[in-house]
Amino acid sequence: MKMLLGIALTAALAMAPFASGEAPAAEQGKYRNHKLVTVNVASAKQLMALEQVGVALACIPSLGEQRYVVPPEGVQVLRDLGVTFRVDAEDAQAIIDREREVNEAAKAVRGAAFHTSYHTLAEIDQFLTDTVALNPAIASRSVIGNSLEGRPIWAVRIAGPNAANNKSFAIVCNIHAREWISPATGLWTIDKLISEYGTNQQVTDLVNSVNWYIVPTMNPDGYQYTLGPDRLWRKNRRVNAGGSIGVDLNRNFSVGWSAPEGGNSTTASSDTYRGTAAFSEPESQVIRDWFGSLPNKGAFLDIHSYSQLVLAPWGYTIGLPPRMDEFNFITPEVTNAISGTFGTPYVGGPTATTIYVAAGTTSDWAFGTHNCYGMGMELRDTGTFGFQLPPDQIIPTATEVWNGLAVLANYLNVRFKVAVPSPATEVSSSQTTTVAVNAVAFNGSTAAAGGLRLFTRFGSSGPFTQSALTGTLPSLAATLPVTPCGATLEYYMEVEAADGTIVRSPVNAPAAVYSATASNLTVVDSDDFEAANAGWQVNIDNTDTATTGRWARGVPQQTNYQPNGDHTPGAGTQCWITDPAAGTNDGSFDIDGGKTSLYSEVLDLSANPTAIVSYYRWFDKSGGATNTADTLVVSVSNGGAYVTVENVPYAESTGGWFYKEFLVSDFVTPSSTVRVRFVATDSNPGNVVEAAIDDFNVRATAPCPPSGCVGDLNGDNTVNTADLAAFLGAFGTSVTPGTGADLNNDGVVNTADLAAFLGRFGLSCP
């Protein structure tokens, strides 16, 4: 999908010598003596002129290096245009011929090993007949419609005994004719699901829990044409007004079809021609009606090649879709499952910003019309062979893709995912502690009444105390109780869906829990940036050079490099960020032109020698190849020079909120004039660099009071109401004997301890 052939098509020529004799008459070759060239496109005018010279080897050519197949006389035309180019192969058709020979040799040598070669439509038809017959109890096939030229479009259904209650997962292959690895992968998947049902536990579970529908060849006319006259054909075989041929079926669906951001073409000769209207083509109508008839729609996946990508909505706009929180879980997990199989690097993200704007696609239509998970995949490789992936890569490609399909299929039965990005490992003996909880609903799930719950206990045994998580899905907050100094607090979170499904964090709680130790902690300063704070300032010393993307407090608008919200749990929205706007593309408001600096308010830490500064930061510099000099540097000063605390490491420079804390005295002597500085720098305007800061906190700790100071649970040397709150929070729990609120050393906080506590109430410790 992304590009055609690739520069290493020349490598295919060296795979083996050509067989003797000429190709059949029908395959003499459209591209005989055509040159494969790489052109450095320097202007829009050149780009427009090149459209008339030869075949562009990218779906949407742009400035920079682009590859074309040009006729012999095209080389002189390129010289006349004054463009810089090189010839990568003298005969593009020779590469195509060699591919056919290799494929036919694979068939002859391997015989019945169906998935070691590419196949004709007749061979695919017979394979489907034979494979479905292996297990008709779970598998069937049908003709769901016909192509423009009257060829059947097949669909295979694979479902277990509980089909009536299961979600449907539709997979469509070969919408673009030349992408042969797409139908080959679909056929391998059909084979695996049918032949391994009952013997492979993973396959059996997936068939029993999800109804699979797979269309191996959505564009049979185009596919047939690639088997003969034109291996590089993309579209269907519609004869357009004016005599050009073909409509791009993946630009012919209704959602985004006429989007203002482009992403398809109104020019009939273009490879991305969208047709005269949405669903103008019989092939797209077939998919529309077939998928529309399926019950319990869960997911629709469109398989393409090449570029090694996992693509979420939207394609027609860089704006983000609803349910993005779900895709933020699904996309990386699918991507990682594929990449983790053999180490083949896949990248995931929204279509428009991950590959390019593409309007009128199947995945946007499925998501936008049917509110199911509409996604796309671009399979191997990244340009070495391009669309002409050798047949010996069919099975490895399908195998790694299967692992991604399994992840997506499993998500059709997920109700909630609950995550605690930064569990508290330290809590206060004098005040409550707030922990952020991310609880994302999937597949339209809702939480049961009272289903957002926190469980806490003091010590490592005894019953948990239940309380409510606060906030609005997906951003919740857990309020951890005041805990006796030196004691351990264990806790976990739970979400109950309306159907009774319960999801916890940690996943296997209460067998596994989060644990925190209580300290004599005082919060010196805390700012979640929800309200303006004049003490925080930008560019104090007037040395900033950034022309865009300067620090500003606001609500971040998500791009591929900027978060889709702040970090503050619950109802928080604001943070400091290098311009919160999204713009028309990822680079509209990122940092450009140098550095931008943000300074905290002045902190008086003269009475807090143990002060610890903490914050959450976001830094993403992954949008550029020359990004080693792009930095986020955090430093601290006590009125003099700034001392570097951290230069954010590369491993934490591709997005995501990360927690960081440091002891001020490790860098400067705590004083009344301490300030923290955050400097983000862009070294190249071509790079995309974004940074954000949230939930800034300064705390100080002191040793827990000696055990002889009976009843002083928060260490302020007085037995008062703050200690009473801690005592009541611990009442009825088991603790380490003699710790916290266990005043009589029997290991249980009970009425005997209450009597001792009340006897001390109002007294000061010696």
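Scoring rules and cut-offs
Residues numbered from 1 in each chain as written. Predicted model: local features only at pLDDT ≥ 70, side-chain atom pairs only at ≥ 80, totals over all residues. Heavy atoms only, no water. Helix = DSSP H or I, 4+ residues; strand = E, 2+ residues; numbered from the N terminus. Buried < 20%, exposed > 50% of the residue type's maximum accessible area, 1.4 Å probe, protein only. Contact = heavy atoms within 4.5 Å. Areas by Shrake-Rupley, 256 points an atom, 1.4 Å probe, with all protein chains shown as cover. Lys, Arg positive; Asp, Glu negative; His and termini not counted. Charge placed at Lys NZ, Arg CZ, Asp CG, Glu CD. Pairing = 2+ DSSP bridges. Axes fitted to C-alpha atoms, helices over the stretch in contact; angles between N-to-C directions. Phe/Tyr/Trp six-rings, centres within 6.5 Å; stacked < 30°, edge-to-face > 60°. Lys NZ or Arg CZ within 6 Å of the ring centre and 35° of its normal. Core = buried A, V, L, I, M, F, W, Y, C linked by side-chain atoms within 4.5 Å. pLDDT = per-residue confidence, 0-100. Parallel < 35°, antiparallel > 145°, perpendicular 65-115°, else oblique. Left-handed = near helix turned anticlockwise from the far one by under 90°. Nonpolar A, V, L, I, M, F, W, Y, C, P; charged D, E, K, R; others polar.

Asker: Please provide a residue-by-residue account of the overall build of the chain, values included.
Answerer: When helices and strands are tallied, the chain shows 15 helices and 32 strands. Expressed as lengths along the three principal axes of its C-alpha atoms, the size of the chain is roughly 105 × 65 × 45 Å. Every one of the 766 residues in the chain was classed for burial, and the buried ones make up 56%. Of the contacts formed within the chain by residues at least 6 apart in sequence, a portion of 76% connects residues at least 24 apart. Just so you have it, the chain exposes about 28900 Å², and 53% of that area is on carbon and sulfur atoms. Each charge class in the chain was averaged separately, 44 positive and 72 negative side chains, and the resulting centres sit 7 Å apart.

Asker: Quick one: what's the story with the pairing of strand β21 (residues 502-505), residue by residue and with numbers?
Answerer: Residues Val503 and Ser505 line the buried face of β21, whereas the alternating positions Ile502 and Arg504 sit on a face that is not buried. Both strand β20 (residues 488-497) and β21 contribute to a ladder of four bridges, which runs antiparallel. Residue pairing across strands places Glu494 opposite Arg504, the latter belonging to β21. Turn length for the β20-β21 hairpin, with the two strands adjacent in sequence and antiparallel, is four residues, and the turn residue Gly500 shows positive phi of about 95°.

Asker: Give me the lowdown on the sheet that holds strand β6 (residues 152-158), citing residues and values where you can.
Answerer: Overall, mixed pairing links the eight strands, which are arranged β5-β6-β8-β7-β9-β12-β10-β11 in an open sheet. Pairing within the sheet leaves two strands with one partner each, and these edge strands are β5 (139-146) and β11 (347-350). Direction aside, the axes of adjacent strands within the sheet are offset by 20° on average. The sheet contacts of helix α10 (residues 324-342) involve β10 (309-312), β11 and β12 (373-379), and relative to β12 the element is tilted by about 30°.

Asker: Break down the environment of Ala441 for me, citing the residues and quoting the values.
Answerer: Inspection of the secondary structure puts Ala441 in strand β15 (residues 433-441). Looking at Ala441, the relative accessible area reads 24%, which means it is partly exposed. Along the chain, Ala441 and Asn165 lie 276 residues apart, while their C-alpha atoms are 20 Å from each other.

Asker: Lay out the packing of aromatic side chains with the relevant residues and their values.
Answerer: Pairs of aromatic rings are described using the distance from one ring centre to the other and the angle between the two planes. Per the stated rule, a full pass over the model turns up 35 aromatic pairs. Taken together, a centroid distance of 6.3 Å and an interplanar angle of 15° make the contact between Trp536 and Phe678 stacked. Residue Trp536 is found in the loop between β22 (514-527) and β23 (537-538), and its partner Phe678 is found in strand β31 (residues 675-681); the two are separated by 142 residues along the sequence. A single burial state applies to Trp536 and to Phe678, both of which are buried. On the numbers, 6.0 Å between centres and 70° between planes, the contact of Trp618 with Trp657 is edge-to-face. Separated by 39 residues along the polypeptide, Trp618 in strand β27 (residues 612-623) and Trp657 in strand β30 (residues 654-663) bring together distant segments of the chain. We classify Trp618 as buried; its relative accessible area is 12%. Cluster of aromatic residues (ring-pair linked, three or more members): Tyr213, Phe253, Phe279, Trp290, Phe291, Phe300 and Trp365. Its guanidinium or amino end placed over the ring of Phe279, Arg288 lies 4.9 Å from that ring's centre, counting from NZ or CZ.

Asker: Give a detailed account of the nonpolar core, specifying residues and quantitative values.
Answerer: Of all hydrophobic cores here, the largest spans 87 residues; its most connected members are Ile158, Phe169, Trp212, Ile287 and Trp290. Apart from the residues lying within four places of it in its own chain, the contact partners of Phe169 are Val210, Asn211, Trp212, Tyr213, Ala299, Leu301, Leu405, Leu408, Ala409 and Leu412. Residues Ala424, Ala497, Val735 and Ala741 belong to the second largest nonpolar core, which totals 35 residues.

Asker: For the confidence of the model for the chain, give the residues involved together with the corresponding values.
Answerer: For the chain, the average pLDDT comes to 89, and 94% of its residues sit at 70 or higher. Below pLDDT 50 for its whole length, residues 1-27 participates in 85 contacts with residues either more than four positions away or in separate chains.

Asker: Could you give me a rundown of the sheet that holds strand β18 (residues 470-472), with the residues and numbers involved?
Answerer: Taken in spatial order, the four strands of this open sheet run β13-β15-β19-β18, and their pairing is antiparallel. Because the sheet does not close on itself, it has two edges, and the strands there are β13 (416-419) and β18. In this sheet, neighbouring strand axes are inclined to one another by 20° on average, regardless of whether the strands run parallel or antiparallel. In terms of strand pairing, β18 meets strand β19 (residues 475-480) through three bridges, oriented antiparallel. By the bridge assignment for β19, Thr472 is matched with Ser475.

Asker: Mind laying out the packing of helix α6 (residues 181-195) against helix α13 (residues 394-411), listing which residues take part and the relevant values?
Answerer: In contact at an axis separation of 9 Å, α6 and α13 are set at 65° when each is read in the N-to-C sense. As summarised for this structure, α6 and α13 are arranged roughly perpendicular, according to the angle between their axes. Crossing geometry of α6 relative to α13 is assigned as right-handed. Within the contact between the two elements, α6 uses Ile181, Ala184, Thr185, Trp188, Thr189, Lys192 and Leu193 and α13 uses Ile394, Ile395, Thr397, Ala398, Thr399, Val401, Trp402 and Leu405. Split into classes, the residues belonging to the contact of α6 with α13 amount to 10 nonpolar, four polar and one charged.

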